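# Architecture and fold: a report
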Amino acid sequence: MTSTSSAKPRKISLWAVIFWLLVWQFAAMLMNQPLLLVSPLETLQRLGSLVLEPIFWKSIAFSVGKIMLGFALSCLLGILLAALAYRFSPVRQLLSPLTATIKAIPVASFVILALLWVSSKNLSILISVMIGFPVIYLNTLSGLDSIDHKLVEMAQVFRVPLGKRLRVVYFSQVLPFLRAGLNVAVGLCWKSGVAAEVIGIPSGSVGQQLYNAKVYLETADLFCWTLVIVLLSVVCEKLLMLLLNAAERWALR
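As a starting point, this report considers the structure included with it. (Residues numbered from 1 in each chain as written. Predicted model: local features only at pLDDT ≥ 70, side-chain atom pairs only at ≥ 80, totals over all residues. Heavy atoms only, no water.)

Now for the packing of helix H4 (residues 89-104) against helix H6 (residues 123-145). Running from N to C, H4 and H6 cross one another at 135°; their axes reach a closest spacing of 9 Å. Here H4 lies oblique to H6, going by the angle between them. For the pair H4 and H6, the sense of crossing is left-handed. On the side of H4, the interface is formed by Arg 92, Leu 95, Thr 99, Ile 102 and Lys 103, while H6 contributes Met 130, Phe 133, Pro 134, Tyr 137, Leu 138, Leu 141 and Asp 145. Each residue belonging to the contact of H4 with H6 can be placed in one class, and the counts come to eight nonpolar, one polar and three charged. (Axes fitted to C-alpha atoms, helices over the stretch in contact; angles between N-to-C directions. Helix = DSSP H or I, 4+ residues; strand = E, 2+ residues; numbered from the N terminus. Parallel < 35°, antiparallel > 145°, perpendicular 65-115°, else oblique. Left-handed = near helix turned anticlockwise from the far one by under 90°. Contact = heavy atoms within 4.5 Å. Nonpolar A, V, L, I, M, F, W, Y, C, P; charged D, E, K, R; others polar.)

Below, the structure is given as structure tokens:
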């Protein structure tokens, strides 16, 4: 995915959230089948019970650590290879079919293949790297391609120091593209990472809790853990955007 816009994502309206919660509540009341659909209130009640259990926080710590490590590695790999591809055309040509293939392969296929190479404990790290890498790589490369070469030439003519040139000329212009790529990649890493855990079932992970809830038909637990995954993804995304905003202020000072 590439982006040519630096517009900030639109905020979700409170009234829209309330509307869909009411729809969820009404649907649960209409079905009256807790085994198939629990209400938001039942989900929150069960969540209140889960947060008191040590396994809840251990599972969150396990999955956050593994998935965010994979995301960090995908960022490092994507940015470094994008810089090399921008500088050297053969690198761009070499990586083009690789990124296209990775984007096309389903996550489930990746997970099954990855289980042949790594243990289930580290599976979510590898999957997060593979899924996040092409998004960050392509967005960073698009940002580098959009840099105004006249600014680069002017910086060279006036002998702007390399550090300041990288910060003011390159980083500031690539940042909107990188922001869009990171925003998408962090969500994809969470989705794919948890999916890998559900298939690999590493002990003490959020994915294992989801799998157990499905096996034992604990629908309230299934909804609770799904809600937790959504909240963790949103929190990670918000923290990432705060970090990028700080980086932007530093680049433009």
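Packing of helix H9 (residues 206-215) against helix H10 (residues 219-251) brings their axes to within 8 Å, and their N-to-C directions diverge by 155°. Considering the angle they form, H9 stands roughly antiparallel to H10. In the packing of H9 onto H10, the handedness of the crossing is left-handed. Residues Val 206, Gln 209, Leu 210 and Ala 213 of H9 touch H10, and the partners they reach there are Asp 221, Leu 222, Trp 225, Thr 226 and Ile 229. A per-class count over the contact of H9 with H10 returns six nonpolar, two polar and one charged.

Right, let's get into the packing of aromatic side chains. This model, assessed by the stated rule, comprises five aromatic pairs. With a centroid separation of 5.0 Å and 80° between ring planes, the pair formed by Phe 19 and Trp 20 is classed as edge-to-face. When its relative accessible area of 42% is taken as the criterion, Phe 19 is described as partly exposed. Each residue in the set Phe 56, Trp 57 and Trp 225 is aromatic and connected to the rest through ring pairs, giving one cluster. (Phe/Tyr/Trp six-rings, centres within 6.5 Å; stacked < 30°, edge-to-face > 60°. Buried < 20%, exposed > 50% of the residue type's maximum accessible area, 1.4 Å probe, protein only.)

Here Phe 88 is to be found in the loop between helix H3 (54-87) and H4. Judged by relative accessible area, Phe 88 falls into the partly exposed class, the value being 41%. Sequence separation between Phe 88 and Leu 126 is 38 residues; the distance between their C-alpha atoms is 27 Å.

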